[in-house]
Amino acid sequence: MELRTLRYFVAVAEELHFGRAAARLHMSQPPLSRAIKRLETEIGALLFARSPAGVTLTPVGAVLLDEARALLDQADRVRVRVAAAAGTATLTLGILGDGTDPGSTRLAAAFRRTHPGVDIHIRDTDLTDPTCGLRAGLVDVALTRAPFDDTALTVRELRTDPVGAVLRADDPLARRDPLKLADLAGRRWFQFPPGTDPVWQAYWNGGTPREGPVVRVVQECLQAVLWNGTVGLAPLGHDLPENLAAVPLVDMAPSRVVAVWNAGDTNPLIRSFVEIARAAYRH
């Protein structure tokens, strides 16, 4: 039972669709189907119940999924430990957002406990690049917020946060709770510099083209609200200066905290980072 075949099996089991699993693995569907059939022959039992709508795990497949995940995790840990012993285990992490987020704090502690010999390089980025340098090859994995153009990237959701409008505390709308995006029509919103991911810009503009001052970092956003009465959006639950207020928006899609990396990157440290992150952000 080869590790590569087990990775194929886990992809199909998690996607429950051969086409999506093949896309995730960056391979065509026929060789993936053949590999799963060979695995079923080797085991002597069907792993998936197939139908035109997709596939579901059989009881045997469910057992194998648990065991395969454990085996693959152990194989990744072996690679990481060997690399650490050789002094070559490093991970460059791109971070966008609040470094005091309890989820990221738990993640840092859990990752250090699991991989004490790994050298972590941190790249803190501004709001102009939601992928934190992934496309330029500057980081291995990013801890950021979606949505953005995810072409050739793999994205795993860790948490969702409701979003509110950030307003001056003396703004008449700051006393209304909640708000709708239509209530903010005609107001100036902060903008990101030209060339910023259009999906990212559209989200933070509430899905509508806007006009307003150009900003690059969170503090510039807050100052634009304070000095110019600009409308900003932000995940709720973050501390704001006393003269600013965040009012919930009932028709704004939540902000998704995600881990993202380049599709096809097989670095076992990335796989381990993502699994640890998913557990850390569930608390």
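The rules behind each value
Residues numbered from 1 in each chain as written. Predicted model: local features only at pLDDT ≥ 70, side-chain atom pairs only at ≥ 80, totals over all residues. Heavy atoms only, no water. Helix = DSSP H or I, 4+ residues; strand = E, 2+ residues; numbered from the N terminus. Buried < 20%, exposed > 50% of the residue type's maximum accessible area, 1.4 Å probe, protein only. Contact = heavy atoms within 4.5 Å. Areas by Shrake-Rupley, 256 points an atom, 1.4 Å probe, with all protein chains shown as cover. Patch = residues over 30% accessible without salt bridge, like charges linked within 9 Å, V, L, I, M, F, W, Y side chains within 5 Å. Salt bridge = Lys/Arg side-chain N within 4 Å of Asp/Glu carboxyl O. Core = buried A, V, L, I, M, F, W, Y, C linked by side-chain atoms within 4.5 Å. Pairing = 2+ DSSP bridges. Axes fitted to C-alpha atoms, helices over the stretch in contact; angles between N-to-C directions. Parallel < 35°, antiparallel > 145°, perpendicular 65-115°, else oblique. Left-handed = near helix turned anticlockwise from the far one by under 90°. Nonpolar A, V, L, I, M, F, W, Y, C, P; charged D, E, K, R; others polar.

**A closer look at the overall build of the protein chain**
- Helix and strand counts for the protein chain stand at 8 helices and 10 strands.
- Projected onto the principal axes, the alpha-carbon positions of the protein chain cover approximately 70 × 50 × 35 Å.
- The buried share among the 283 residues of the protein chain stands at 42%.
- Within the protein chain, contacts between residues separated by at least 24 positions form 69% of all contacts whose residues are at least 6 apart in sequence.
- With an accessible surface of roughly 14,600 Å², the protein chain has 54% of that area assigned to carbon and sulfur atoms.

**Digging into a nonpolar patch on the surface**
- Residues Met1, Ile43 and Val60 make up a contiguous nonpolar surface patch of about 240 Å² in total accessible area.
- Structurally, Ile43 is set in helix α3 (residues 29-43).
- The class of Ile43 is partly exposed, set by a relative accessible area of 32%.

**A closer look at the nonpolar core**
- Residues Leu167, Leu179, Leu184, Leu233 and Leu249 are the most contacted members of the largest nonpolar core, which totals 32 residues.
- When residues of this core are traced back to their parent elements, those giving at least two are β5 (141-146), β7 (163-168), α6 (198-204), α7 (218-228) and β10 (255-262).
- The residues contacting Leu179, other than those within four sequence positions of it, are Ala165, Leu167, Leu173, Leu184, Val247, Pro248, Leu249, Val250 and Asp251.

**As for unusual backbone geometry**
- Residue Pro147 follows Ala146 across a cis peptide bond; omega there is 15°.
- At the junction of Asp177 and Pro178, the peptide bond is cis and its omega measures out at 5° in the coordinates.
- Summarising the element assignment, Pro178 is placed in the loop between β7 and α6.
- Phi at Cys132 takes a positive value of approximately 60°, unusual for a residue other than glycine.
- Along the chain, the position of Cys132 falls in the loop between β4 (119-124) and β5.
- The backbone of Ala152 shows a phi angle near 65°, a positive value even though the residue is not glycine.
- Counting through the fold element by element, Ala152 comes out in the loop between β5 and β6 (153-161).
- On the accessibility criterion, Ala152 (54% relative accessible area) is exposed.

**Quick word on the pattern of salt bridges**
- Summed over the entire model, instances satisfying the criterion amount to 12 salt bridges.
- Here Arg168 and Asp170 are joined by a salt bridge, their closest N and O atoms 2.9 Å apart.
- Residue Glu275 pairs with Arg278 through a salt bridge whose shortest N-O separation is 3.7 Å. Here Arg278 and Glu275 lie together in helix α8 (residues 268-282), a separation of 3 residues that amounts to about one turn.
- For Glu275, a relative accessible area of 39% translates into the label partly exposed.
- We classify Arg278 as partly exposed; its relative accessible area is 33%.

**Comments concerning the pairing of strand β8 (residues 232-235)**
- On β8, burial covers both faces: Gly232 and Ala234 on one face and Leu233 and Pro235 on the other are all buried.
- Bridge analysis of β7 against β8 gives 4 bridges, and the strand direction is antiparallel. From the neighbouring strand, Gly164 faces β8, where its bridge partner is Ala234.

**Comments concerning the side chain of Thr5**
- Summarising the element assignment, Thr5 is placed in helix α1 (residues 3-15).
- Residue Thr5 is classed as buried on the basis of its relative accessible area of 15%.
- Excluding residues within four positions of it along the chain, Thr5 makes contact with Ala35 and Leu39.

**Let's talk about the pairing of β7**
- A large share of β7 lies buried, amounting to 5 of its 6 residues.
- Relative to strand β9 (residues 244-248), β7 runs antiparallel, the two being bridged by 5 bridges. Looking at β9, one finds that Gly164 is bridged to Pro248.

**Quick word on the packing of helix α5 (residues 102-114) against α8**
- It is the contact of α5 with α8, at a shortest axis distance of 9 Å, that shows an interaxial angle of 135°. Here α8 runs oblique to α5, going by the angle between their axes. Along this stretch, α5 crosses α8, giving a crossing that reads as right-handed. From α5, Gly103, Ser104, Arg106, Leu107, Ala110, Phe111 and Thr114 reach across to α8, where they touch Leu269, Phe273, Ile276, Ala277, Ala280 and Tyr281.
- The residue inventory of the contact of α5 with α8, partitioned by class, reads 9 nonpolar, 3 polar and 1 charged.

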